[in-house]
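Residue-level structure breakdown
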Amino acid sequence: MPAEPEDNLDSVIADLVDDDGDENTERDGSPLEEMQASAEVEFSGPAVQLTERAADQIRRIREDEGLDEDLCLRVAVEGGGCSGLSYKLGFDYESEEDEVIMSQGIKIIVDPKHMMYLKGISVDYPDGLDARGFTFDNPNASETCGCGSSFAT
């Protein structure tokens, strides 16, 4: 039976942040550790934000689908895609572990394991001739693919 997407993500995250099980090791100056340190220190502002267009589209989807008011917008990443990690958006119920963010009146939930990849991300919904659909502007991404739905750190 194939691994669940969450299992794949846990494996990808574990590989990226593996410290050989010693929680007292000093930082070795790897690019990932530098990114994590700078994100923790330098970032100020909403952890995840929606543009007005994205929020309007999310409200439209919620209304069109007749979704339960208790469902929140989940922003996540999963292993895969052209560049290594892909973005995921969907409606889900909040769990005790989730971080909760409000943006444009929309309640957003994020699994804390995903936050290091999403901190500072802006979600937009262009609706023009050259682009249509949710797009992601991620300050943590060192590279993105042409479709804009996957990234690498």
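What comes next is a walk through the structure. (Residues numbered from 1 in each chain as written. Predicted model: local features only at pLDDT ≥ 70, side-chain atom pairs only at ≥ 80, totals over all residues. Heavy atoms only, no water.)

**Remarks on unusual backbone geometry**
A positive phi angle is found at Gln104, which is not glycine, with a value near 55 degrees. Take Gln104: it is sitting in the loop between strand 4 (99-103) and strand 5 (106-110). (Helix = DSSP H or I, 4+ residues; strand = E, 2+ residues; numbered from the N terminus.)

**Description of the sheet that holds strand 6 (residues 121-124)**
Strand order in the open sheet formed by three strands is 1-6-7, with mixed pairing between adjacent strands. Here the strands that pair on one side only, and so sit at the sheet edges, are strand 1 (48-50) and strand 7 (135-137). Going from strand to strand, the sheet's axes swing by 25 degrees on average, the running direction of each strand aside. Here strand 1 pairs with strand 6 via three bridges, running parallel. Looking at strand 6, one finds that Leu50 is bridged to Val123. This element, helix 3 (residues 52-65), spans strand 1 and strand 6 of the sheet and lies at about 80 degrees to strand 1. (Pairing = 2+ DSSP bridges. Axes fitted to C-alpha atoms, helices over the stretch in contact; angles between N-to-C directions. Contact = heavy atoms within 4.5 Å.)

**A word on the pattern of salt bridges**
Side chains that carry opposite charge are capable of pairing whenever their charged atoms lie near each other. This model, assessed by the stated rule, comprises six salt bridges. With a shortest N-O distance of 2.8 Å, Asp98 and Arg74 are connected by a salt bridge. Separated by 24 residues along the polypeptide, Asp98 in the loop between strand 3 (85-92) and strand 4 and Arg74 in strand 2 (residues 72-79) bring together distant segments of the chain. Glu78 is paired through a salt bridge with Lys88; the nearest N and O atoms lie 3.8 Å apart. (Salt bridge = Lys/Arg side-chain N within 4 Å of Asp/Glu carboxyl O.)

**Digging into the packing of aromatic side chains**
Within the structure shown, the criterion is met by two aromatic pairs. On the numbers, 4.2 Å between centres and 15 degrees between planes, the contact of Tyr87 with Phe136 is stacked. Here Tyr87 is found in strand 3, whereas its partner Phe136 is found in strand 7, with 49 residues between them in sequence. Look at Tyr87 and you get buried, because its relative accessible area is 10%. Judged by relative accessible area, Phe136 falls into the buried class, the value being 18%. Relative to Phe134, the ring of Tyr125 has its centre 4.9 Å away and its plane inclined at 65 degrees; by these criteria the two rings are edge-to-face. (Phe/Tyr/Trp six-rings, centres within 6.5 Å; stacked < 30°, edge-to-face > 60°. Buried < 20%, exposed > 50% of the residue type's maximum accessible area, 1.4 Å probe, protein only.)

**A short note on the pairing of strand 6**
Because side chains alternate across strand 6, one face comprises the buried residues Ile121 and Val123, and the other comprises Ser122 and Asp124, equally buried. Both strand 6 and strand 7 contribute to a ladder of three bridges, which runs antiparallel. Paired with Val123 across the bridge in strand 7 is Phe136.

**Regarding the side chain of Asp98**
Note on Asp98: relative accessible area 11%, which makes it buried. A distance of 2.8 Å separates the side chain of Asp98 from the side chain of Arg74, its partner in a polar contact. From its side chain, Asp98 meets the backbone nitrogen of Ser95 in a polar contact 2.8 Å long. Those residues in contact with Asp98 that lie beyond four places of it in its chain are Arg74, Tyr93, Ile109, Val110, Asp111 and Pro112. (Polar contact = N/O pair within 3.5 Å; in protein donor to acceptor, adjacent residues only side chain to side chain.)

**Digging into the environment of Ala55**
If you trace the backbone, Ala55 turns up in helix 3. Overall, the relative accessible area of 0% leaves Ala55 in the buried class. A sequence separation of 68 residues divides Ala55 from Val123, and the C-alpha atoms of the two residues are 8.9 Å apart.

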